[in-house]
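Examination of the molecular architecture
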Amino acid sequence: DHYVQSYAYPLLEETRAQLCSSMEIIHQAPYTEVIGIKEAKPLQNKLYNLKIDGWKNRFSHHGGEPYRTLPGDVLILADYKPEAVRDLQRIRRLWCFASTVWTTEDEGDSTSLKVKASKDIDLEERRTKTLFLIFLTNVNPNRRIWGALHMPGNLKLLRQILCSRDDVR
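Residues numbered from 1 in each chain as written. Predicted model: local features only at pLDDT ≥ 70, side-chain atom pairs only at ≥ 80, totals over all residues. Heavy atoms only, no water.

**Observations regarding the packing of helix α2 (residues 8-24) against helix α4 (residues 140-149)**
Working note: a packed helix pair is described by the angle between its axes plus the distance between those axes. At a minimum axis separation of 11 Å, α2 and α4 run at an interaxial angle of 170 degrees. Considering the angle they form, α2 stands roughly antiparallel to α4. Counting all contacts with α2, which are made through A8, L11, L12, E14, T15 and Q18, the residues of α4 involved are N142, I145, W146 and L149. Tallied by class, residues from the contact of α2 with α4 come to six nonpolar, three polar and one charged. (Axes fitted to C-alpha atoms, helices over the stretch in contact; angles between N-to-C directions. Helix = DSSP H or I, 4+ residues; strand = E, 2+ residues; numbered from the N terminus. Parallel < 35°, antiparallel > 145°, perpendicular 65-115°, else oblique. Contact = heavy atoms within 4.5 Å. Nonpolar A, V, L, I, M, F, W, Y, C, P; charged D, E, K, R; others polar.)

Right under this line is the structure:
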């Protein structure tokens, strides 16, 4: 248990550093305009269905490969396009983190997403304002490692790997 758990805090720190690094270059990140937003049904806490326009600045990440939305993407949902992290500290501005749950590409250049937001969004107030999504990073690999670290079956495997010669049958 101690050996496996020794990887948990470094993984959390790696994830934090990955998000911080992405936020430092937010001005280069792919972004899009949200053309539709509504609460997911059945009503679930902080889960929203979004319809988005085409992504702009699509070639800035992934070594020239165009960006496309994937489950596990961490995004910023904001009522403006921030150019720097300090822009997120403006008074009376909406912004929150959002994580993509699923995505489907619609006809044309639009895409439908289901996202889990870090806080509730007042949809009535936001109908008059334009919303943007800004891509930060994808955390699926980190999520998979976290799941592997917390699977009870892995401990048995590690015990077999780390056992002394006397314990081998």
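So that's the structure; there's more coming.
**Thoughts on a nonpolar patch on the surface**
Residues Y3, Y7, I161 and L162 make up a contiguous nonpolar surface patch of roughly 440 Å² in combined accessible area. Following the sequence through the fold, L162 ends up in helix α5 (residues 152-162). (Patch = residues over 30% accessible without salt bridge, like charges linked within 9 Å, V, L, I, M, F, W, Y side chains within 5 Å. Areas by Shrake-Rupley, 256 points an atom, 1.4 Å probe, with all protein chains shown as cover. Salt bridge = Lys/Arg side-chain N within 4 Å of Asp/Glu carboxyl O.)

**Some remarks on the sheet that holds strand β5 (residues 111-117)**
With antiparallel pairing, the six strands of this closed barrel are ordered in space as β1-β2-β5-β4-β3-β6. Ignoring which end each strand starts from, the neighbouring axes of this sheet average 45 degrees apart. Each of β3 (73-78), β4 (95-105) and β6 (131-138) touches α2; the most contacted strand, β6, lies at about 135 degrees to it. (Pairing = 2+ DSSP bridges.)

**Some points on the side chain of N140**
When you line up the elements, N140 lands in helix α4. With a relative accessible area of 17%, N140 lands in the buried category. A polar side-chain atom of N140 sits 2.8 Å from the main-chain carbonyl oxygen of P71. The residues touching N140, leaving out its near neighbours within four places in the chain, are P71 and G72. (Buried < 20%, exposed > 50% of the residue type's maximum accessible area, 1.4 Å probe, protein only. Polar contact = N/O pair within 3.5 Å; in protein donor to acceptor, adjacent residues only side chain to side chain.)

**Some thoughts on the pairing of β4**
Judged from the five bridges that link them, β3 and β4 form a sheet pairing that is antiparallel. Bridged to A78 within β4 is W95. By the bridge criterion, seven bridges tie β4 to β5 in an arrangement that is antiparallel. Its bridge partner lying in β5, E105 is registered against T111.

**Digging into the nonpolar core**
One broad trend across soluble globular proteins is that nonpolar side chains are buried collectively. Core analysis: the largest hydrophobic core is formed by 20 residues, its most contacted members being V34, I37, Y48, L50, I121 and L133. Sorting the residues of this core by element identifies β1 (31-39), β2 (47-52), β3, β4, β5 and β6 as the ones contributing at least two each. Sequence-distant contacts of V34, defined by excluding residues within four places in its chain, comprise L50, K51, I52, L77, L131, F132 and L133. Grouped together as the second largest cluster of nonpolar side chains are 12 residues, M23, V74, I76 and V139 included. (Core = buried A, V, L, I, M, F, W, Y, C linked by side-chain atoms within 4.5 Å.)

**Some words on α2**
Look at α2: 25 Å from first C-alpha to last across 17 residues, which is about the 24 Å you get at 1.5 Å a residue. The inward-facing, buried residues of α2 contact α1 (2-5), β3, β4, β6 and α4. (Expected span 1.5 Å × (residues − 1).)

**A short note on the packing of aromatic side chains**
By the definition in use, this model includes three aromatic pairs. Centroid distance W55 to Y67: 4.7 Å. Interplanar angle 85 degrees. Geometry classified as edge-to-face. Linking W55 in the loop between β2 and β3 with Y67 in the loop between β2 and β3, this pair joins segments that are 12 residues apart in sequence. Like W55, the residue Y67 is buried in the burial classification. Judged by centre distance (4.4 Å) and plane angle (40 degrees), the rings of Y67 and F135 are tilted. Within this pair, whereas Y67 is found in the loop between β2 and β3, its partner F135 is found in strand β6, the two being separated by 68 residues in sequence. Take F135: its relative accessible area is 4%, and that puts it in the buried class. Ring-pair connections join several aromatic residues into one group, and the members of that group are W55, Y67 and F135. (Phe/Tyr/Trp six-rings, centres within 6.5 Å; stacked < 30°, edge-to-face > 60°.)

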